[in-house]
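Structural characterization, general
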Amino acid sequence: PCHTSALLLVFMALSVAGAEQSEERSCDVIGDESSESQMERALLKKLEPLSHMRFNVTVEKGKTENYIYHFRVCREVNSTSRDFGGLVQKNRQNGKTTVIGRINETQVFNGSDWIMLIYKGGDSYGRHCSGEKRRAVIMISCKRGVTASSFSIISEEREKEQECFYLFEMDSSVACPAENSHLSVGSILLITFVSLIAVYIIGGFLYQRLVVGAKGMEQIPHFAFWQDLGNLVADGCDFVCRSKPRNAPAAYRGVGDDQLGEESEERDDHLLPM
């Protein structure tokens, strides 16, 4: 029994270690957890769709420099080494591996159509940059319809005394702003109004025809109301738009019987022969 219990404990310990090993660590923003801003958390959440992808780029400069760079977004390139390396340089000639930046020292910020991801805490430069630690800067630019592409190295700034860095860039749709609706508020209201009018006319017409059994113009819903409304509108237009007073005489009046008057009783009798 003691031997069996010991084996069981060893098996459980190995299982726990394996579970911890398989669980990949993610980005940890520089500073205490309480000091992380909501913006940084939101940006890291936005980059999450890229975390399962691996990116590589090869750089060859003559016979002395032949490197391949391995990059992952907020994940370790080699989770078995447990070195937090998020961007790693491998010398293809001698196989030496150098950590350019670590995910446990991350900075992230953004603009309107880009996200800047920075890994600090890389391996020391040695002779360059006063021996400070390396730093990787990855510019992620907006490109709709593409999850991720075009990972490449732009330059390595190592001739300064301080603040040296490796600059990379890539395209991804995660850096794009949310697309706003192309319809304005007025357009949405207009579409809603027209839809309601269409439902009213079609529904009312079918009801009048199929249920009430109306024919002709009576099939128009509330026909009497709309007829009276038309008359009222016409009267209002006549009242508002009439350019002359109602009691003004016309510019020309025809000659009627009422204008002729009665025939004069005076006759030219003296002109007739006696």
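Note: the structure precedes this text.
Residues numbered from 1 in each chain as written. Predicted model: local features only at pLDDT ≥ 70, side-chain atom pairs only at ≥ 80, totals over all residues. Heavy atoms only, no water.

1. A few points about unusual backbone geometry
- Residues other than glycine seldom take positive phi values, yet Arg82 does so here, at roughly 55 degrees.
- In this structure, Phe84 is a non-glycine residue whose phi angle is positive, near 65 degrees.
- By the element assignment, Phe84 lies in the loop between β2 (65–72) and β3 (85–91).
- When its relative accessible area of 24% is taken as the criterion, Phe84 is described as partly exposed. (Helix = DSSP H or I, 4+ residues; strand = E, 2+ residues; numbered from the N terminus. Buried < 20%, exposed > 50% of the residue type's maximum accessible area, 1.4 Å probe, protein only.)

2. What about the packing of aromatic side chains?
- Overall, the coordinates contain 12 aromatic pairs when judged by the stated rule.
- Seen in terms of ring centroids, Phe71 and Tyr119 are 6.1 Å apart; in terms of plane orientation they differ by 50 degrees. Their pairing is tilted. Of this pair, Phe71 sits in strand β2 while Tyr119 is found in strand β5 (residues 114–121), placing the two residues 48 residues apart along the sequence. Residues Phe71 and Tyr119 agree in their burial class; the two are buried. (Phe/Tyr/Trp six-rings, centres within 6.5 Å; stacked < 30°, edge-to-face > 60°.)

3. What to know about helix α3 (residues 185–212)
- In a regular helix each residue adds 1.5 Å, so 28 residues correspond to 40 Å; α3 covers 38 Å between its end C-alpha atoms and thus fits that length.
- Positive phi appears at Gly213, one or two residues downstream of α3, with a value of about 80 degrees. (Expected span 1.5 Å × (residues − 1).)

4. Things to note about the state of the cysteines
- Taken as a whole, this structure holds 3 disulfides when the rule is applied.
- What pairs with Cys27 in a disulfide is Cys74, and their sulfur atoms sit 2.1 Å apart. Handedness here is read from the sign of the S-S torsion; for Cys27 and Cys74, about -100 degrees, the answer is left-handed. Of this pair, Cys27 sits in the loop between α1 (2–22) and α2 (38–46) while Cys74 sits in the loop between β2 and β3, and the two are 47 residues apart along the sequence. (Disulfide = S-S within 2.5 Å.)

5. Some remarks on the pattern of salt bridges
- Inspection of every chain in the model, using the stated rule, returns 8 salt bridges.
- The shortest N-O distance in the salt bridge between Arg158 and Glu65 comes to 3.4 Å. One end of the pair, Arg158, is in the loop between β7 (149–157) and β8 (165–172); the other, Glu65, is in strand β2, with 93 residues separating them in the sequence.
- The shortest N-O distance in the salt bridge between Glu156 and Arg158 comes to 3.9 Å.
- On the basis of relative accessibility, which here comes to 26%, the residue Arg158 falls in the partly exposed class.
- Each of Glu24, Glu48, Arg72 and Arg75 takes part in one network of salt bridges that share partners. (Salt bridge = Lys/Arg side-chain N within 4 Å of Asp/Glu carboxyl O.)

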